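Geometric and topological summary
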Amino acid sequence: MTAQTFDAGAVHASAPADPAQPAHWGGVFAMTLCVFALIASEFMPVSLLTPLARDLRVTEGLAGQGIAISGVFAVLTSLCIATLAARVDRKRLLLALTAMMGLSGVIVAVAPNYLTYMAGRALIGIVVGGFWSMSAATAMQLVPASQVPRALAIFNGGNALATVVAAPLGSYLASFVGWRGAFFALVPVAAAAFAWQWFSLPALPARPRAKGTRNVFQLLQRRQVRLGMLAVGMFFMGQFALFTYLRPFLETVTGVEAATLSLVLLAIGAAGFVGTMLIGRFLKLGFYGALTVIPVLMAAIAVALIAMGGSLSATTVLLGLWGLVATAAPVGWWLWVARTLPQDAEAGGGLMVAVVQLAIAAGSTAGGLLFDRSGYRGTFAFSAGLLLVGAFLVVLTSRAAQAEST
């Protein structure tokens, strides 16, 4: 495969050139704070299931469905948001979603019963699907084309940071103010993100969608889009088939204790944060090359963990490398949406959100079945196989992109 450099102009290939477009970095950082609050809200129940279930008088399994229902509503919203975004100023939409995130936190925190709790969790799913579907398109309006990779990396930096702190922060707060107080604590963060976006985001008028594109599934008529979405799906399936079961692997195979486990997970998150800051340079050097190498490296790490999982030092290093590349990969794929579908960025983003959510569910489910039947070796080998298929699909996507450009 011939290495391809990132062409910033491709992002706005169908939009009028504006070399003097200002960069609204305040808006980028305001949205990053919103990302942090959003991801923390989405995964807060992970560390609060036991007290939450006891208080609402349901099983922990039912309480955990609060995460599942947010995923379902994220998929549904991602498939519908493009139509609305084509008619409404994106700033208004982002502010409405941010307000909805704060409302979700309040509803969950005061929920008198299970159904009210699930309603609050459904709201956060709507925010997840809507926000991420518009992220690439919004970045394209906030900064010049050459700075879009950096803006997307900053967004994902907020994602990585929230992933690191959400579970331990929720557990820590709950020990002082209870699980309801932990959810309430996110409401001021959402309010701060709302205020910051209100003052820092410029008007983001709706842009016309490409002619003939009435729904997100029509985008799949393009071979490059079909292959790219398949590559995204294989990547996230492979990633979460392994990542979901890291804790039992570390506890039973590596033999770590609770304190050490937290440090290892923190190292993964910290490495991921660094990766999101560095990935833009590699995407400029070779866009599809970087997207191909990442899943190949992750597959190699999965195999190495099978062989060296009993060594704490080796496992920590390997998982640090995993976090470095795995967390950075979504930056590249969101940039791919921006450059491949410049006039259908919401529709493309919505389709990708749906693919990612479904892939995470499928990967974690299949990985869990294998983990129960054949242990970590089968799960990690399955993950490696999916990642290698994903890398091959990236190569095919690159060739399809070259064919479309000729």
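Before going further, it helps to examine unusual backbone geometry. Even without being a glycine, R57 presents a positive backbone phi close to 60°. With respect to the helices, strands and loops of the structure, R57 is situated in the loop between α3 (49–56) and α4 (60–78). On the accessibility criterion, R57 (77% relative accessible area) is exposed.

Further remarks concern empty space enclosed by the protein. For the structure shown, the criterion picks out two cavities of 30 Å³ or more. As a volume, the largest cavity reaches approximately 50 Å³. S41, M101, S104, G105, V108, R121, I124, F183 and L186 are the residues that line the largest cavity. Per element, the largest residue contribution to the lining of the largest cavity is four residues, and it comes from helix α6 (residues 90–110). Broken down by class, the residue content of the lining of the largest cavity amounts to five nonpolar, three polar and one charged. Considering only enclosed or pocket space, the second largest cavity measures out at about 40 Å³ in volume. If you go around the second largest cavity, the residues you meet are A231, F235, L291, I294, P295, A329, W333, G390 and V394.

With that settled, the discussion passes to the confidence of the model for the protein chain. Overall, the predicted model of the protein chain reaches an average pLDDT of 83, with 89% of residues at or above 70. Here helix α1 (residues 8–11) stands out as the least confident element of the protein chain, with mean pLDDT 43; helix α13 (residues 287–308) is the most confident, with 95. Within the model, pLDDT remains below 50 along residues 1–17, and this stretch shows 44 contacts once partners closer than five positions in the same chain are excluded.

Moving on: the pattern of salt bridges. Tallied over the entire structure, the rule returns two salt bridges. The salt bridge involving D55 is made with R180; its shortest N-O contact spans 3.1 Å. Of this pair, D55 sits in helix α3 while R180 is found in helix α8 (residues 148–184), placing the two residues 125 residues apart along the sequence. Using a relative accessible area of 39% as the deciding quantity, one classes D55 as partly exposed. According to the relative accessible area criterion, R180 is partly exposed, its value standing at 24%. Notably, a salt bridge pairs R222 with E404, separated by 2.7 Å at the nearest N-O pair. With R222 in the loop between α9 (186–200) and α10 (223–243) and E404 in helix α16 (residues 345–405), this pair connects stretches of sequence that are 182 residues apart.

Attention now moves to the packing of aromatic side chains. In total, this model carries 14 aromatic pairs according to the counting rule given. Plain terms: the ring middles of Y245 and F371 are 5.6 Å apart, the flat faces sit at 20° to each other, and that makes the pair stacked. Placement of the pair is Y245 in the loop between α10 and α11 (246–254) and F371 in helix α16, with a sequence separation of 126 residues. F371 matches Y245 in its accessibility class, with the two residues each being buried. Grouping aromatic residues by their ring pairs yields a cluster made of F235, F236, F240 and F243. One Lys or Arg, R150, reaches over the ring of W25 and ends 4.6 Å from the middle of that ring. Sitting above the plane of the F287 ring, R339 keeps its charged end 4.3 Å from the centroid.

What counts, and where the lines are drawn
What you see as residue numbers is a count from 1 along each chain, following the sequence as written. Given that this is a predicted model, residues contribute local features only at a pLDDT of at least 70 and side-chain atom pairs are listed and counted only at 80 or more, while totals for whole chains, interfaces and linings are drawn from all residues. Based on all heavy atoms of the structure, the side-chain values leave hydrogens and waters out of the count. Segments assigned H or I by DSSP are reported as helices when at least four residues long, segments assigned E as strands when at least two residues long, and all are numbered from the N terminus. Only protein chains enter the calculation, and the probe is 1.4 Å; a residue is then buried if its accessible area is under 20% of its type maximum, exposed if over 50%, and partly exposed in between. Put simply, the grid is 1 Å and covers the protein atoms alone, a cavity is a trapped set of points that fit a 1.4 Å probe, a pocket is an open set with protein on both sides within 12 Å along at least five of seven lines, and lining residues have an atom within 4 Å of a point. Grid points are joined across faces, edges and corners, and a volume is the space filled by probe spheres set on the points. Each residue receives one of three labels: charged for Asp, Glu, Lys and Arg, nonpolar for Ala, Val, Leu, Ile, Met, Phe, Trp, Tyr, Cys and Pro, and polar for the others, Gly being one of them. pLDDT measures how confident the predictor is about each residue, on a scale from 0 to 100. Whether two residues are in contact is decided by their heavy atoms, any of which lying within 4.5 Å being enough. Every case where a carboxyl oxygen of Asp or Glu lies within 4 Å of a side-chain nitrogen of Lys or Arg is listed as a salt bridge. Two aromatic rings from Phe, Tyr or Trp, using only the six-membered ring of Trp, form a pair when their centres are within 6.5 Å; if the ring planes differ by under 30 degrees the pair is stacked, by over 60 it is edge-to-face, and anything between is tilted. By the criterion adopted, a ring carries a charge over it if an Arg CZ or a Lys NZ lies within 6 Å of its centre and within 35 degrees of its normal.

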